[in-house]
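# Working through the structure, step by step
Each chain is listed here by its residues.
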Amino acid sequence: MNKFAGPKVGPLANSFQLSLCYPFHMNDCIFCKIVRGEISSYKVYETDETLAFLDINPVAKGHLLVIPKGSDSSNIFDISAHEWSAVMETVRVVSTALEKALGADGVNIMMNNREHAGQIIFHPHVHLIPRFKGDGLKLWPHGSYKEGEAAEVAEAILETLKK
Ligand code: 5GP
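The notes below deal with the structure included here. This is a predicted model, so every value here is computed, not measured. (Residues numbered from 1 in each chain as written. Predicted model: local features only at pLDDT ≥ 70, side-chain atom pairs only at ≥ 80, totals over all residues.)

## Observations concerning the nonpolar core
- In this structure, Leu 64, Val 66, Val 94 and Leu 128 are the most contacted members of the largest nonpolar core, which totals 20 residues.
- Sorting the residues of this core by element identifies α2 (30-36), β2 (50-54), β3 (64-68), α3 (81-102) and β5 (126-131) as the ones contributing at least two each.
- Every residue in contact with Val 66, bar those within four places of it in the chain, is listed here: Thr 50, Ala 52, Val 87, Thr 90, Val 91, Val 94, His 125, Val 126 and Leu 128. (Core = buried A, V, L, I, M, F, W, Y, C linked by C-beta atoms within 7 Å. Buried ≥ 20, exposed ≤ 12 C-beta atoms within 10 Å, placed from the backbone. Helix = DSSP H or I, 4+ residues; strand = E, 2+ residues; numbered from the N terminus. Contact = placed C-beta atoms within 7 Å.)

What follows is the structure, given as structure tokens:
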């Protein structure tokens, strides 16, 4: 029940910040308002627990967002396993329809978690971005590991998962 997972802001928090879900009540969130129909959106698929709708500023035409409808969580770090499963199933169903409907050649499935990962709306959401052969969209650059670095990083993750 973490409604306070966003960055801390002081009493000068403005309505813009409030409307993005943090740090106060989730019901003021833009996506919660879309679920309730208080903000219009192009909804394409809905289950009891999830909703898929067009992103207002698409990376590519047909860019969709999939969200849990009743969530009081902010991102991957506090969403319940049950809600996440429901979101993932909707992602699977809608990705298939998205590719077919637009005659796309693939779909990128992405999620930004926390401010420094690019998250601006603090209600869990997964981006579905249709891709087309030769569209030239570059999502992120690839790097490389120095000698021994990959083993070190893998070990740190592995040890944390054991705890
Ligand atoms: P984030 O950066 O948090 O992962 O992505 C938030 C997404 O929400 C952005 O791609 C942005 O275009 C989209 N978005 C923000 N406000 C609205 C809105 O009012 N309606 C819709 N449909 N999408 C929105």
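## Comments concerning unusual backbone geometry
- Phi is positive for Arg 114, which is not a glycine, with a value near 80°.
- Assignment of secondary structure puts Arg 114 in the loop between β4 (106-110) and β5.

## A closer look at the pairing of β2
- Taken across its five residues, β2 has four buried, putting it largely inside the fold.
- In this sheet, β2 lies alongside strand β1 (residues 43-46) in antiparallel orientation, the contact comprising three bridges. Among the inter-strand pairings, Lys 43 is bridged to a residue of β2, identified as Phe 53.
- Two successive antiparallel strands, β1 and β2, enclose a turn made up of three residues.
- Bridging between β2 and β3 involves five bridges; their strand directions are antiparallel. Paired with Leu 51 across the strands is Ile 67, a residue of β3. (Pairing = 2+ DSSP bridges.)

## Observations concerning the sheet that holds β2
- Overall, antiparallel pairing links the five strands, which are arranged β1-β2-β3-β5-β4 in an open sheet. This sheet does not close on itself; its edge strands, each paired only once, are β1 and β4. Neighbour-to-neighbour, the strand axes of the sheet open up by a mean angle of 20°, direction not taken into account. (Axes fitted to C-alpha atoms, helices over the stretch in contact; angles between N-to-C directions.)

Function cannot be inferred from these measures alone, as they are strictly geometric.
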